[in-house]
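Close look at the chain arrangement
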Amino acid sequence: QKEVEQDPGPLSVPEGAIVSLNCTYSNSAFQYFMWYRQYSRKGPELLMYTYSSGNKEDGRFTAQVDKSSKYISLFIRDSQPSDSATYLCAMSAGNQFYFGTGTSLTVIP
Amino acid sequence: SQTIHQWPATLVQPVGSPLSLECTVEGTSNPNLYWYRQAAGRGLQLLFYSVGIGQISSEVPQNLSASRPQDRQFILSSKKLLLSDSGFYLCAWSVPPGMMQPQHFGDGTRLSIL
């Protein structure tokens, strides 16, 4: 079993839709949870990170962590064509980071 | 603010040639440094990480090596490239555990082996 599981998609939505991206994990030692956005041929860009269970909001983005279920989500409200990218979830324990394989999202104008 | 520089952005090399990719971080001291390889649909594969000068941990036995000659400099090398070394290489940094900071990435080097 992989440490982190993420549905690769691809996911295609119309502009303005609410997008839900999800990851599950198996290691209860994970302490920090992150979401990255990666455009084609670029490095991953940090979107959000959180330490605790619950919700964290930043503009149109909301990160949700449920440690009891070992499940994290990223919600994108009012999605825009510029949100079209691959989204990677990540988690860390100590010096090590563990990544999902990424979900490819296309927002259609 | 902290920045990470990675170069070159693109590299085409023949099989059997040497490799040197460089990564430097500005605006922070004693960062943890990481080299990843990213293959399409397979996520990020951790190759090496370093918690200090001269301290390198290898995650996967392979044709590559890493060095950290200075606090904020991380180098990925190979003496003889293989076709299987093609890929997208990413350098990243983070502060040590306990300071609640995530990992930050450079823009990567796309390496093609011919």
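Note: the structure precedes this text.
Residues numbered from 1 in each chain as written. Chains lettered and ligands numbered in written order. Predicted model: local features only at pLDDT ≥ 70, side-chain atom pairs only at ≥ 80, totals over all residues. Heavy atoms only, no water.

**Examining the packing of aromatic side chains**
For clarity, the cut-off: In this scheme Phe, Tyr and Trp rings, the latter by its six-membered ring, pair at centre separations within 6.5 Å, and the angle between planes marks the pair as stacked below 30 degrees, edge-to-face above 60, and tilted otherwise. Between buried and exposed lies partly exposed: a residue is buried under 20% and exposed over 50% of the maximum accessible area for its type, with that area taken using a 1.4 Å probe on protein chains only. A positively charged side chain is recorded as over a ring if its NZ (Lys) or CZ (Arg) lies within 6 Å of the ring centre. The angle to the ring normal must also be within 35 degrees.
Considering all chains together, one arrives at 13 aromatic pairs over all chains under this definition. For the ring pair tyrosine 34 of chain B and tyrosine 36 of chain B, a centre distance of 6.2 Å and an interplane angle of 20° mean the geometry is stacked. Residue tyrosine 34 of chain B is classed as buried on the basis of its relative accessible area, which comes to 1%. Above the ring of tyrosine 49 of chain A, the side-chain terminus of lysine 56 of chain A is found at 4.6 Å from the ring centroid.

**Quick look at the sheet that holds strand E7 (residues 61-66) of chain A**
Residues and elements named next belong to chain A. Short version of the rule: Note on pairing: DSSP must find at least two bridges between two strands before they are called paired. For the purposes of this entry, the term helix denotes a DSSP run of H or I that reaches at least four residues, the term strand denotes a run of E that reaches at least two, and both are numbered from the N terminus. Geometry is summarised by axes, namely lines fitted to C-alpha atoms with helices restricted to the contacting stretch, and by angles between N-to-C directions that run from 0 to 180 degrees.
Pairing in this open sheet of five strands is antiparallel, and the strands run E1-E3-E8-E7-E6 from one edge to the other. Of all strands in the sheet, those bounded by a partner on one side alone are strand E1 (4-6) and strand E6 (54-58). Direction aside, neighbouring strands of the sheet carry axes that sit 15° apart on average. The pairing of E7 with strand E8 (residues 71-76) spans six bridges and is antiparallel. Within E8, the residue paired with threonine 62 across the bridge is phenylalanine 75.

**Details of the state of the cysteines**
To be explicit about the condition: Note on terminology: pairs of cysteine sulfur atoms within 2.5 Å are recorded as disulfides.
Applying the stated criterion to the full structure yields two disulfides over all chains. Disulfide partner of cysteine 23 of chain A: cysteine 89 of chain A, at an S-S distance of 2.0 Å. On the S-S bond that ties cysteine 23 of chain A to cysteine 89 of chain A, the torsion sits near -100°, and the link is left-handed. In this pair, cysteine 23 of chain A is assigned in strand E3 (residues 19-25) and cysteine 89 of chain A in strand E9 (residues 85-93), connecting sequence segments 66 residues apart. You'll find cysteine 23 of chain A and cysteine 89 of chain A in the same group, each marked buried. Paired by a disulfide, cysteine 23 of chain B and cysteine 91 of chain B hold their sulfur atoms 2.0 Å apart. Across the S-S bond linking cysteine 23 of chain B and cysteine 91 of chain B, the dihedral sits near -75°, which makes this disulfide left-handed. Of this pair, cysteine 23 of chain B sits in strand E3 (residues 19-26) while cysteine 91 of chain B sits in strand E9 (residues 87-94), and the two are 68 residues apart along the sequence. Across the pair, exposure class does not vary: cysteine 23 of chain B and cysteine 91 of chain B are buried alike.

**Remarks on the pattern of salt bridges**
All names here are of chain B. What counts here: The term salt bridge refers to a pairing of a side-chain nitrogen on Lys or Arg with a carboxyl oxygen on Asp or Glu at a separation within 4 Å.
All chains considered together, the criterion is met by six salt bridges over all chains. The shortest N-O distance in the salt bridge between arginine 68 and aspartate 71 comes to 3.3 Å. The buried category is assigned to arginine 68, whose relative accessible area is 3%.

**Things to note about the sheet that holds strand E8 (residues 73-78) of chain B**
Residues and elements named next belong to chain B. As summarised here, the arrangement of the four strands in space is E1-E3-E8-E7, forming an open sheet in which the pairing is antiparallel. Sheet topology places strand E1 (3-7) and strand E7 (65-70) at the edges, where each strand pairs with a single neighbour. Averaged over all pairs of adjacent strands, the angle between their axes in this sheet comes to 20°, without regard to strand direction. Bridge count for E7 against E8 is four bridges, and the pairing is antiparallel. Looking across to E8, one finds that alanine 66 is bridged to leucine 76.

**Things to note about the interface of chain A and chain B**
Many analyses report the size of an interface as the accessible area lost when the parts associate. What counts, and what does not: The criterion used for residue contact is that any of the two residues' heavy atoms lie within 4.5 Å. Buried area, as used here, totals the accessible surface that two parts lose on assembly, with accessibility defined by a 1.4 Å probe and the loss added over both. A 3.5 Å cut-off defines polar contacts: any pair of N or O atoms within that distance qualifies, except that in protein one atom must be a possible hydrogen donor and the other a possible acceptor, and neighbouring residues in sequence count only when both atoms are side-chain atoms.
Counting residues at the interface gives 19 residues for chain A and 26 residues for chain B. Ranking the residues of chain A by area buried against chain B places Arg41, Asn95 and Phe97 of chain A at the top, with a combined share of 29%. Inspection of the chain A/chain B interface yields one salt bridge. One salt bridge in this structure joins aspartate 107 of chain B and lysine 42 of chain A, with 3.2 Å as the shortest N-O distance. On the surface where chain A and chain B come into contact, there are four residue pairs in polar contact (both at pLDDT 80 or more). Those elements giving two or more residues to the side of chain A that touches chain B turn out to be strand E4 (32-38), strand E5 (45-50) and strand E10 (96-99) of chain A.

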